[in-house]
Amino acid sequence: GRGVMPSIVCSVEEVLNMGYVIAGEKVTSTFEIQNTSTLTLRYSIQLDSLSSTRDKDRQRLPSFIMSSLQRTEFVGTQNYNGLSVFSIFPTEGEIDAGKSQDFIVTFSPDHESLYYSDCLKVVLFGKKIAHVIHLKGAARDHPMFVEGGVPLDVPIESLAVTLPVSPHEALKGGNGLPLTLYYKTLQEPVKSILLILEYIEGESSPVPAMTELKVGAVQRAQFASKKNMEFSFDSLPLLQQKGFTIESAKGTVEPGQVKRISVSWMPPAD
C-alpha cells in the first residue's frame, strides 16, 4: 500500500481582519480552502469561543488580570447578548481531491470594542489541525471615530459594562493633551483621548515632540453612501497658546478609510 498525506492551501494565511463595523450591524468576508492532496478530505471548522473545553479553561486566572506574556487564549471581547461574535458557514463537509471550498465568516458585534477576536481551526478527519486563522474585528457606536494616544480602556474585557478612565485621571504629570470627541447630533461627549508628548531638550536646534491621531469612517453595508465625512478641531488658539500644533484643523474622510493627523508640541516661550 501507499500512504497519502492530506494537504490544503488556504487563501488566508494567519489573520483575517474584519475591519470596523457599527455595533449591532454585521459584515461578512470570504476565504477559500483548496484540497491539494489526492484524496477526499473530511473537514470541520472550530472556533475557540465555542470549544467544549472553554468552560474548563475559564477556571484559570482571568485573562484581564494576567500579564500579556502569560496570555495564551486568543478569544477576545464577547457579545453581551450571548450570541457568537464570529460565525462561519459551512462548518463541516468534504472537499474532493483538487477541488476548493469557499467559507463565509460573519462578524456581528453588539457593542463598541476594539478587541473582538477568536481563533478558527480547520480540522481534518476530526483529528488533525490543518490550518489556524486568527479572526479580528472592531465595532464603533458611530460611523466616524478617532483613535490614538494612551489607551484608556483594557485589551481584555469582562462582560461587565464599565466606563473608560477619565483622561484627567490618567494624566498624572507631564505635558499631555486631553481631547474629547463630540458629534454634531449629540450633546454628550462620546469619546475621550489622551495624547502624551515628551519633549527632549538638547543643545542643537529644538525638535518638537510628535504623535498622531487617526480619524476614520466606517463603511456601512446597508448605506452604501460614498459621501465623505467631515471633521474639525475646536479651540485651536487655546491649544496653540499651550504649544500644541495640529496638522489639519478640519478635513474629510472617505467611508472605509482612515486619515492620520500629526500632532506636535513645543514648550511655550513663557
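Refer to the structure above for everything that follows.
Residues numbered from 1 in each chain as written. Predicted model: local features only at pLDDT ≥ 70, side-chain atom pairs only at ≥ 80, totals over all residues. Heavy atoms only, no water.

**Student:** Even after reading the chapter, I still don't get the side chain of Asn79, so can you show me in this structure?
**Tutor:** With respect to the element layout, Asn79 can be found in the loop between helix 1 (54-57) and strand 5 (86-89). Reaching out from Asn79, the side chain makes a polar contact with the backbone oxygen of Leu83 at a distance of 3.1 Å. (Helix = DSSP H or I, 4+ residues; strand = E, 2+ residues; numbered from the N terminus. Polar contact = N/O pair within 3.5 Å; in protein donor to acceptor, adjacent residues only side chain to side chain.)

**Student:** Just to check I follow, could you spell out the pairing of strand 5 for this structure?
**Tutor:** Here is the key point about a regular strand: its side chains alternate between the two faces of the sheet. Side-chain alternation along strand 5 places Phe86 and Ile88 on a buried face and Ser87 and Phe89 on a face that remains uncovered. Sheet topology note: the strand 5/strand 7 (residues 100-107) ladder contains 4 bridges and is antiparallel. Bridge pairing links Ser87 to Thr106 in strand 7. (Buried < 20%, exposed > 50% of the residue type's maximum accessible area, 1.4 Å probe, protein only. Pairing = 2+ DSSP bridges.)

**Student:** How do you make sense of the packing of aromatic side chains when you look at a structure like this?
**Tutor:** One pair of aromatic rings is described through two measures. These are the centre distance and the angle between the planes. Taken as a whole and judged by the stated rule, the model has 7 aromatic pairs. Each ring, one from Phe86 and one from Phe107, has its centre 5.0 Å from the other, and the planes form 20°; the classification is stacked. In this pair, Phe86 sits in strand 5 while Phe107 sits in strand 7, placing the two residues 21 residues apart along the sequence. As far as burial versus exposure is concerned, Phe86 and Phe107 are alike and both buried. Seen from their ring centres, Phe107 and Tyr116 are 5.6 Å apart, and the 70° between their planes marks the pair as edge-to-face. (Phe/Tyr/Trp six-rings, centres within 6.5 Å; stacked < 30°, edge-to-face > 60°.)

**Student:** Explain the sheet that holds strand 10 (residues 144-147) to me, please; I cannot follow it from the model alone.
**Tutor:** Judged by pairing direction, the sheet is antiparallel, and its 4 strands sit side by side in the order 10-13-17-15 without closing on themselves. The outermost strands of the open sheet, each flanked by one partner alone, are strand 10 and strand 15 (244-246). Adjacent strand axes in the sheet meet at a mean angle of 20°, parallel and antiparallel pairs treated alike. When strand 15 meets strand 17 (residues 258-265), the two strands line up antiparallel, connected through 3 bridges. Bridge pairing in strand 17 links Phe244 to Trp265. (Axes fitted to C-alpha atoms, helices over the stretch in contact; angles between N-to-C directions.)

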